[in-house]
Amino acid sequence: MNVQTNNDFSKGSISSNIIRLAVPMTLAQLVNVLYNIVDRIYIGRIGADATNALTGLGVCFPVITIVLAFANLVGTGGAPLFSMKRGAGKDAEAEAIMGNSLTLLLCFGLSLTVIGLLIRRPMLLALGASEVTLPYSMSYITIYLLGNVFVMLSLGLNYFINAQGFGQTGMLTVVIGAVFNLILDPIFIFALHMGVQGAACATVISQLTAALWTLRFLTGPKTLLRLKPECLRLQAKRVKQILTLGLSGFTMSVTNSLVQIACNSSLQFFGGDLYVGVMTVLNSIREIIMLPINGISSSSQPVISFNYGAQLYSRVKQAIKFMSIMLIVYSLAVWGVISLFPHFFIHIFNTDPALTAAGVPSMHLYFFGFFLMALQFSGQSVFTALGKSRYAIFFSIFRKGIVVIPLTLTLPYVAGLGVNGVFLAEPISNLLGGCACFTTMYLTVYRKLKCESI
């Protein structure tokens, strides 16, 4: 089977097409998570000032999240449009969308560098840096911002590799960056005694390598559609379509940051540092168990988009059904395992008896009904894949901004719930947000996928 046929999502089994992309995507995300964790382990072992250095690095994370949010804004907006045009046989327009996306990534990257460098000191102080940790934060973020364009290119353009069905190549983009980072971190941090500056240099060089790899592939002979100089000039209509559709993923990243701020604030007030630590562990566990959910939903999007563009609506419905069943079955299984073995998961990150005693009941509350999260991801993925930007943006805001944050701030005051109210906000939001999103998707999209466009 040649490459063109193998990457034609209108051919072959829907489940095979999705799984073929899901496996490398999930592995790539796993590698990404692992090397971020190892990064923190290295910084935590640099010597007497390790704690302050690690805290300084932690203060930088919201800034890094914003950089990633802009990369996702372009990637999650451009890739579904690209897939729909490719499915409709409009390859020239698909290449134009990819070219415009590259230009947007460069513009956003350079703008964030300039703005970030100008306001980095007051920004870091506002995010929680003290006079002790500020030097470490400044050292790291300065170098990171100087190279953030490479981060945006490697992440944002990788969506277009996966959208063409090259899941293994997309995985290599992440693996290349991760391997370089793992090798360079100890060299810069310990051998060259550069501390947090060394960690930042290792990250930037690793992402530069990944970005060059991505550009080389998308301009080379092995890709189906290529980046071309004539496609780089921005066109207002395309830019509007890309950014409008990408706002869903962008909004989700921003609201995630706001939720974390609300959680930490409430937990600090009602439970102190211990419960802030519990939430850190629960978020770490969640980050790991969410990898297959992200992998399955992300790999389903290009398959859905391609077949929708090709007007093969029965295959679109098959893809939606397969994705939804997979996500629900997986999340049910994970919920069961977490409920049965909470101590095991907590001890991966911390074995302190007090934290474990507080963490086990909190974990049961936080992950209760976890399978309902699958409904949110299924509906959200379909809206994004089909270019239904208004629905995608609304439900990104609805669960986090309209449900989670108000509940996180108010439930602790209800019937003396205290910290339990903070942890209960998550399952309640999964119920309300997940059911609302999936039901809306079923009624407005799935049922209408018959013989004509919706």
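Residues numbered from 1 in each chain as written. Predicted model: local features only at pLDDT ≥ 70, side-chain atom pairs only at ≥ 80, totals over all residues. Heavy atoms only, no water.

Undergrad: Honestly, the overall build of the chain in this entry has me stumped. Any pointers?
TA: The helix and strand inventory of the chain stands at 17 helices and zero strands. Burial statistics for the chain: of 454 residues in total, 53% are counted as buried. A total of about 19100 Å² of accessible surface is found on the chain, and carbon and sulfur atoms cover 67% of it. (Helix = DSSP H or I, 4+ residues; strand = E, 2+ residues; numbered from the N terminus. Buried < 20%, exposed > 50% of the residue type's maximum accessible area, 1.4 Å probe, protein only. Areas by Shrake-Rupley, 256 points an atom, 1.4 Å probe, with all protein chains shown as cover.)

Undergrad: Just checking my understanding: could you explain helix α16 (residues 389–410) for this structure?
TA: For an α-helix the count is 3.6 residues per turn, leaving residues at separations of three or four pointing the same way. For α16, spanning 22 residues, the distance from its first C-alpha to its last is 31 Å, which sits close to the expected 32 Å at 1.5 Å a residue. Of all the bends found along α16, the most pronounced is centred on F398 and spans about 40°. (Expected span 1.5 Å × (residues − 1). Bend = angle between axes of the 7 residues up to and from the residue.)

Undergrad: When you look at the packing of aromatic side chains in this model, what are you seeing that I'm missing?
TA: Geometry of an aromatic ring pair is reported as the spacing of the ring centres plus the angle between the planes. Scanning all chains against the criterion turns up 19 aromatic pairs. With a centroid separation of 5.5 Å and an interplanar angle of 90°, the aromatic rings of F82 and F160 are classed as edge-to-face. With F82 in helix α3 (residues 50–87) and F160 in helix α6 (residues 148–163), the pair connects residues that are 78 residues apart, well separated along the chain. Note on F82: relative accessible area 0%, which makes it buried. Judged by centre distance (5.1 Å) and plane angle (90°), the rings of Y366 and F367 are edge-to-face. Classification of F367 by relative accessible area gives buried; the value is 1%. Pairwise contacts between aromatic rings join F383, Y391, F394, F395 and F398 into one cluster. The aromatic ring of Y446 is capped on one face by K317, whose charged end is 4.7 Å from the ring centroid. (Phe/Tyr/Trp six-rings, centres within 6.5 Å; stacked < 30°, edge-to-face > 60°. Lys NZ or Arg CZ within 6 Å of the ring centre and 35° of its normal.)

Undergrad: Whenever I open this one, unusual backbone geometry confuses me. Can you help?
TA: Across residues other than glycine, the phi torsion is negative in most instances, and most of the peptide bonds are trans. Of note, Q311 is a non-glycine position whose phi angle comes to about 60°, a positive value. For A415, which is not glycine, the phi dihedral falls at a positive 50°. One can find A415 in the loop between α16 and α17 (419–444).

Undergrad: Teacher, can you tell me more about the confidence of the model for the chain here?
TA: Low pLDDT means the predicted atomic positions in that stretch should not be read closely. Averaged over all residues, the pLDDT of the chain equals 83, while 90% of them reach at least 70. Mean pLDDT across the elements of the chain ranges from a minimum in helix α1 (residues 3–6), with 47, to a maximum in helix α12 (residues 313–340), with 92. Long-range and interchain partners of residues 1–5, a stretch whose pLDDT sits below 50, account for four contacts in this model, where long-range means more than four residues apart. (pLDDT = per-residue confidence, 0-100. Contact = heavy atoms within 4.5 Å.)

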